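Single-letter residue listing:
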Amino acid sequence: MSANSYETMMVFSMTGGEENIRGLIEKFKALVEENGTLEGVDEWGKRRLAYPINDEPEGYYILMNYTSGPDFPAELERIVKITEGVLRSLIVRKS
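Residues numbered from 1 in each chain as written. Predicted model: local features only at pLDDT ≥ 70, side-chain atom pairs only at ≥ 80, totals over all residues. Heavy atoms only, no water.

Enquirer: Teacher, can you tell me more about the nonpolar core here?
Expert: The nonpolar side chains of soluble globular proteins are, as a tendency, buried together. In terms of nonpolar packing, the biggest core is built from 18 residues, with Met10, Phe12, Phe28, Ile62, Met64, Tyr66 and Leu76 touching the most fellow members. Those elements that provide at least two residues to this core are strand E1 (4-13), helix H1 (17-35), strand E3 (56-68) and helix H2 (72-81). Of all the elements, H1 adds the most residues to this core, at six residues. Excluding residues within four positions of it along the chain, Met64 makes contact with Tyr6, Glu7, Thr8, Met10, Phe28, Lys29, Val32, Leu38, Gly40 and Val41. Ranked by size, the runner-up nonpolar core spans seven residues in total, among them Met9, Ile53, Leu63 and Leu87. (Core = buried A, V, L, I, M, F, W, Y, C linked by side-chain atoms within 4.5 Å. Buried < 20%, exposed > 50% of the residue type's maximum accessible area, 1.4 Å probe, protein only. Helix = DSSP H or I, 4+ residues; strand = E, 2+ residues; numbered from the N terminus. Contact = heavy atoms within 4.5 Å.)

Enquirer: So what exactly am I meant to see when it comes to the packing of aromatic side chains here?
Expert: For the structure on display, the rule yields four aromatic pairs. Pairing Tyr6 with Tyr66 gives two aromatic rings, centres 5.8 Å apart and planes at 25 degrees, and the pair type is stacked. Residue Tyr6 is found in strand E1, and its partner Tyr66 is found in strand E3; the two are separated by 60 residues along the sequence. Its relative accessible area of 0% is what places Tyr66 among the buried residues. Through pairs of rings, three or more aromatic residues link up here, namely Tyr6, Tyr66 and Phe72. The positively charged end of Lys27 is found above the aromatic ring belonging to Phe28, 5.7 Å away from the centroid. (Phe/Tyr/Trp six-rings, centres within 6.5 Å; stacked < 30°, edge-to-face > 60°. Lys NZ or Arg CZ within 6 Å of the ring centre and 35° of its normal.)

Enquirer: Any chance you could explain the side chain of Asn4 here in plain terms?
Expert: As for its placement among the helices and strands, Asn4 is situated in strand E1. Overall, Asn4 belongs to the buried group, its relative accessible area being 13%. A polar side-chain atom of Asn4 sits 3.2 Å from a polar atom in the side chain of Tyr6. Leaving out residues up to four positions away in the same chain, Asn4 has contacts with Tyr66, Thr67, Ser68, Pro70 and Arg93. (Polar contact = N/O pair within 3.5 Å; in protein donor to acceptor, adjacent residues only side chain to side chain.)

Enquirer: When you look at the environment of Pro73 in this model, what are you seeing that I'm missing?
Expert: Within the fold, Pro73 resides in helix H2. Along the chain, Pro73 and Ile25 lie 48 residues apart, while their C-alpha atoms are 16 Å from each other. Setting aside anything within four residues of it in sequence, one finds Pro73 in contact with Tyr6, Ser68 and Ile91.

Enquirer: What's the story with the environment of Glu33 in this structure? I'm lost.
Expert: Inspection of the secondary structure puts Glu33 in helix H1. On the basis of relative accessible area, Glu33 is assigned to the partly exposed category, the value being 49%. On a C-alpha basis, the gap between Glu33 and Gly45 in space is 22 Å, while along the polypeptide they are twelve residues apart.

Put into structure tokens, the structure is as follows:
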């Protein structure tokens, strides 16, 4: 099984507060580390959204770069979708 490089952008809700955002970042970092190699987490921080999502004008952005097997991104996406506090996410395979 060959490993691929991936990039995942996530936007977290600001309503849960700073501690909730920290918890989400740690949760997803741990999940990636269990299933692949985390190359870096780039925290973009609080940004204004292009349009309100769930009536929220701002979100907390993070970008994760990692390598993993080809099955992990689908599992990560499934977990992201059921996690409270994640407004949007995008997983991209890097060539």
